[in-house]
Amino acid sequence: MDINWKWDMFFEAFPYILQGLGVTVGLTFACFLFALIFGFVWVFLRRIKFKPVNWLVTWVMEFIRSTPPLIQLFFIYYAWPMVPGIGVSLSSFESAILGLGIHFSTYIGEVYRSGIEGVDKGQWEASTALNFSTRQKWTKIILPQAIPPTIPMLGNYLIIMFKEVPLASTIGVVGILALAETYGTDNFRMLESYTIVALIFLVLSYPSAILINKLEKKMNRRFNKKAALQESKGAVV
Amino acid sequence: MINALIEVFPVLMKGINITITVFILSAIFSYLFAFIAGLCRVSNNKYVRGSTSVYVEIFRGTSLIVQLFWLYYAIPMLFDVGIDNRLMAGVLAISLNYGAYMSEIVRGSILAVDKGQTEASIALNLSRAQRMRIVIFPQALRMMLPEFGNYLIQILKATSLVSLIGMTDILYHGNILRSTNLSAAPTVYLLLLVFYFIMALPLIFLTRKGEQISKRGVAS
C-alpha cells in the first residue's frame, strides 16, 4: 500500500489551522462559564418542592441531556429566529455558547447537586440553630463546602466541552476544525489538515486530563468524600 | 402548525431506518471494543497493555467529530483505498470512540472487584482464565451496568453526527427540508429533538434498571 503523506503540506497547513485555536478555546471557556452559571439555575429549580414543577424540571433536564447537542445547535441557530413572537436571531458564536452551554449545564447541575448532597446534614441543622437566613445558609455555609470537592469533576467537564466545541463548525464558527476543512478542500489535502486538528486536540486535552486526575486524587484525600462524588459519576459524556 | 407537522413528519421518517441501524451497529461494536480493550488493559503482557493504552488515550483525547472526518476523508487519502462506505466509517468512528471510553469502565470494574475474590480463587486452584471468567468478570459486569446504560444514550446522541458525512439519517432529511423552506425550521428541529427523546426513553429506563440490578444484594 502506498502511503500518501506530504510533510510540506503539513507544515504549510499547521500555522493556518492554528489561527483558529483562539476561537475554539475561547468558545470552550465561554460555554463552560455559561454552563457553570446556568447549572445553579437547575439546582434551585429542582429544589422546588411543588410536585408538578419538580416533575417538569426533571423531565426538561432529561430531555436536554438525552437529545443530540448538534440538533440543539441547529435549533438555536436556524429555528429560533423563525419562532414567531419570541424569536431572536443570534450570531453563530452566540448560538454555540447558548446551545452547548445549556446542554452541559444539565450535567454541571447534577455535579453541584452531588456536592450539596455531600454536605453533612448537621451543617444545615447548625446553621438553622444559629438563626442564619436562607441566603446566608447557602452563601456562607453550604456552598463553600459543597463546591470545592466538585472542582475535579467540573474540570473533567471542561475537557469534555473542549472536545464538543468543534460541533459549532457546523453552524459556521471558524475554529480549528472549520479552518482545516477550508484548507483541506482548497488544496485537496484532507489527510494532513484533519490530522493536525486531531493532534492539537490530543496535545491540549491529554495533559489536562492527567492534571485533573492528579487534582482529583489530591482532593479526595483532602475531603475524603469519595462516596458523595462517586454518586454523580453517572453523568458522563 | 398541524399542517406543517403533517408535512414534515413523513420526510423525517425516511431517515429513521438509517439512524436506528447506525445506533444498533455502533452499540454492538462499542461494547465489543470496550470489552476487548478493557481486558487487554488488565493483561499481564506489558506490550498488550501499552498498545491498548495508546488506542484508548488517542480516542479519548480527540473529539468524535474529528475522528469521524478523519476516518471518512483522511484515511482514503492515506492509503489511496479506503472507506468510501459511509455506514462503515460512521459506525467505526462512533464505536472506536465510545469503545475507548467504555473500556475504562470495564478496566475500572475489574480492578474494583475485591482482592479477596482473587485470593480465594487462587486458593481454590482455578487457572487465571477461569478466575477471570467464573469469579471476577461476573462480579465486575454488574458494576459496569449503570455506566453502560449511560453510554448507550451517549451513543444514540452521537448517531446524529453521521449526517455530516452525508448519510441520509433523520437529521439529513431535516436539514434538506430546512434549506428549501426556512420557515419550517422550528417544526423540523423540534420534531427531530422529540424523535431522539422518544428513542432515548427506553434507554433511560434501561439505565435505571441497570442501576437497580447493580445495587441489589450488595452491601455498600
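Residues numbered from 1 in each chain as written. Chains lettered and ligands numbered in written order. Predicted model: local features only at pLDDT ≥ 70, side-chain atom pairs only at ≥ 80, totals over all residues.

Thoughts on the overall build of chain B
Keep this limit in mind: Numbering goes from the N terminus for both helices and strands, where a helix is a DSSP run of H or I of at least four residues and a strand is a run of E of at least two.
When you go through chain B residue by residue, the secondary structure sums to nine helices and zero strands. Mapped from its N terminus to its C terminus, chain B presents α and β elements in the order α-α-α-α-α-α-α-α-α. Each principal axis of the C-alpha distribution contributes one length, and for chain B these read about 70 × 50 × 25 Å.

As for the packing of helix α2 (residues 21-46) of chain A against helix α8 (residues 151-164) of chain A
Residues and elements named next belong to chain A. Threshold: Working convention: axes come from line fits to C-alpha atoms, limited for helices to the stretch in contact. Angles between N-to-C directions cover 0 to 180 degrees. Relative orientations are named as follows: roughly parallel for angles under 35 degrees, roughly antiparallel for angles over 145 degrees, roughly perpendicular for angles from 65 to 115 degrees, and oblique for any other angle. Helix crossings get a hand from a simple test, with the near helix turned counterclockwise from the far one by less than a right angle marking a left-handed crossing and a clockwise turn marking a right-handed one. Contact between two residues is assigned when their C-beta atoms, built from the backbone, lie within 7 Å. Only Asp, Glu, Lys and Arg are considered charged in this grouping, and only Ala, Val, Leu, Ile, Met, Phe, Trp, Tyr, Cys and Pro are considered nonpolar; every other residue, Gly among them, is considered polar.
At their nearest, the axes of α2 and α8 sit 9 Å apart, and the two run at 130° to each other. By the angle class used here, α2 and α8 are oblique. Where α2 crosses over α8, the two elements pack in a sense that is right-handed. Note on element contacts: α8 touches α2 through L158, M161 and F162, opposite T28, C31 and F32. Of the residues contributing to the contact of α2 with α8, the split by class is five nonpolar, one polar and no charged.

A short note on the nonpolar core
Stated formally: Among buried residues, those of type Ala, Val, Leu, Ile, Met, Phe, Trp, Tyr and Cys that are joined through C-beta atoms within 7 Å form a set called a nonpolar core. Our exposure labels follow a C-beta count within 10 Å of each residue's own C-beta, placed from the backbone: buried means 20 or more other C-beta atoms, exposed means 12 or fewer, and partly exposed covers the counts in between.
Among the nonpolar cores identified, the biggest contains 114 residues, and A:Y194, A:V197, B:Y189 and B:L192 are the most heavily contacted of them. Take this core: its biggest share by element is 13 residues, from helix α5 (residues 86-112) of chain B.

Describing the environment of A:N187
Among the structural elements, A:N187 can be located in helix α9 (residues 176-187). Separated by 38 residues in sequence, A:N187 and A:P149 place their C-alpha atoms 49 Å apart.

Topic: the interface of chain B and chain A
In this assembly, 39 residues from chain B lie in contact with 37 residues from chain A. When contributions to the side of chain B that touches chain A are tallied by element, the ones reaching two or more residues are α3 (46-61), α4 (64-79), α7 (128-158), α8 (170-180) and α9 (185-215) of chain B. It is α9(B) that provides the largest number of residues to the side of chain B that touches chain A, a total of 10 residues. Partitioned by chemical class, the residues of the side of chain B that touches chain A number 27 nonpolar, seven polar and five charged.

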